[in-house]
Amino acid sequence: MRRSVLFAIVLAVVGTLGIVGWHKATRWRPAPADYPLQGIDLSEGAGAVEWPMVRAAGADFAYVVATSGRDRRDAGFEANWAALPEAGLRRGAVHVYSLCQPPVDQANAFNTFVPTSADALPMAVDVSFHDDCTARPERAALVADLARFVTMVETHTGKPALLRIAKPVESRYALTEALHRPTWEMANFRAPDYAARPWAMWRASDIRRIDGVEGPVNWDVVAQ
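So, here's what we can say about the structure. (Residues numbered from 1 in each chain as written. Predicted model: local features only at pLDDT ≥ 70, side-chain atom pairs only at ≥ 80, totals over all residues. Heavy atoms only, no water.)

Things to note about the packing of aromatic side chains
Thought 1: Under the counting rule described, the total for this entry stands at nine aromatic pairs.
Thought 2: Ring centres of F61 and Y63 lie 6.3 Å apart, and the angle between their planes is 80 degrees; this geometry places the pair in the edge-to-face category.
Thought 3: Of the residues examined, Y63 reaches a relative accessible area of 2% and is grouped as buried.
Thought 4: Aromatic rings pair up to connect Y35, W199 and W202 into one cluster.
Thought 5: One cation-aromatic arrangement involves R208 over W219; the distance from NZ or CZ to the ring centre is 4.2 Å. (Phe/Tyr/Trp six-rings, centres within 6.5 Å; stacked < 30°, edge-to-face > 60°. Buried < 20%, exposed > 50% of the residue type's maximum accessible area, 1.4 Å probe, protein only. Lys NZ or Arg CZ within 6 Å of the ring centre and 35° of its normal.)

Right under this line is the structure:
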């Protein structure tokens, strides 16, 4: 009997510590003193956002997905794009790159949908493995395709593109060695170093909770 009571107490303590730890993890962000510029990036298909509340949570900027592949446009992009300056947030657009579709078609889709704007941050191209595309091209072919995509969107936006390369992709293709552009790396809580050069932006958490957004958000910081 005493043993079962002790076991129940231990479980209760562990559970409480777990809840407290999770609460802290979902509220954590890198210290503003170390990284003065911080913001969020929305995943594709994110719901409605109260941007003034995001600004109040300490965000200086927001990146929002505009296009994916050659044929998907995010339904919330246009409304978010218009709302961000009104909330005092700088704005950037993201293209989710598909390994299964031609780079020219993807660049045309982005350039057609995203307006040029002097106040916009450099666009970001997200290169990750996705379940709906099993293609794994040869490295030389992928580097050439991405270079063409980047050249086309940079001509449209007038600014160098930002490479958001997932670690599994970088491990396989070493894209940041071949494409000399600022990098945006991703790793929860601990600064990453998997690219060929120091990161310009770091997605520091993909589980942070803030007012104004339903569910967890991707929280990012800019290198000093």
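Some points on helix α5 (residues 139-157)
Thought 1: For α5, built from 19 residues, the straight-helix expectation of 27 Å at 1.5 Å per residue is met to within 8% by its first-to-last C-alpha distance of 26 Å.
Thought 2: L142, V143, L146, F149, V150, V153 and E154 are the residues of α5 that are buried. Relative to the axis of α5, the buried residues are bounded by an arc of 130 degrees and lie together on one face. When the buried face of α5 is taken as reference, the exposed residues oriented beyond 90 degrees from it are A140, R148 and T155.
Thought 3: Tucked inside the fold, the buried residues of α5 contact β4 (90-96), α4 (103-113), β5 (124-127), β6 (162-165), α6 (167-173) and α7 (175-178).
Thought 4: Phi for G158, located one or two positions after α5, is positive at around 80 degrees. (Helix = DSSP H or I, 4+ residues; strand = E, 2+ residues; numbered from the N terminus. Expected span 1.5 Å × (residues − 1). Arc of directions from axis to C-beta. Contact = heavy atoms within 4.5 Å.)

A closer look at the pairing of strand β9 (residues 217-222)
Thought 1: Counting buried positions over the six residues of β9 gives five, a clear majority of the element.
Thought 2: In terms of strand pairing, strand β1 (residues 38-41) meets β9 through four bridges, oriented antiparallel. Along β9, the bridge assignment pairs G39 with D220.
Thought 3: One ladder, built from five bridges, connects strand β8 (residues 201-208) with β9; its direction is antiparallel. (Pairing = 2+ DSSP bridges.)

Re the pattern of salt bridges
Pairs can form between side chains of opposite charge once their charged atoms are near each other.
Thought 1: Applying the stated rule across the entire model yields nine salt bridges.
Thought 2: Here E44 ties to R72 by a salt bridge, and the two come within 2.9 Å at their closest N and O atoms. Of the two residues, E44 is situated in the loop between β1 and α2 (51-56) and R72 in strand β3 (residues 72-73); the sequence distance between them amounts to 28 residues.
Thought 3: When its relative accessible area of 37% is taken as the criterion, E44 is described as partly exposed.
Thought 4: A salt bridge links R181 to E154; the shortest N-O distance between them is 2.6 Å. Note that R181 is positioned in the loop between α7 and β7 (183-186) and E154 in helix α5, a separation of 27 residues in sequence.
Thought 5: A relative accessible area of 16% means that E154 is categorised as buried. (Salt bridge = Lys/Arg side-chain N within 4 Å of Asp/Glu carboxyl O.)

Topic: unusual backbone geometry
Thought 1: Look at A174: it is not a glycine, yet its phi comes out positive at around 50 degrees.
Thought 2: Within the fold, A174 resides in the loop between α6 and α7.
Thought 3: On the accessibility criterion, A174 (18% relative accessible area) is buried.
Thought 4: Not every positive phi belongs to a glycine, and F189 is a case in point at roughly 75 degrees.
Thought 5: Inspection of the secondary structure puts F189 in the loop between β7 and β8.
Thought 6: Note on F189: relative accessible area 37%, which makes it partly exposed.

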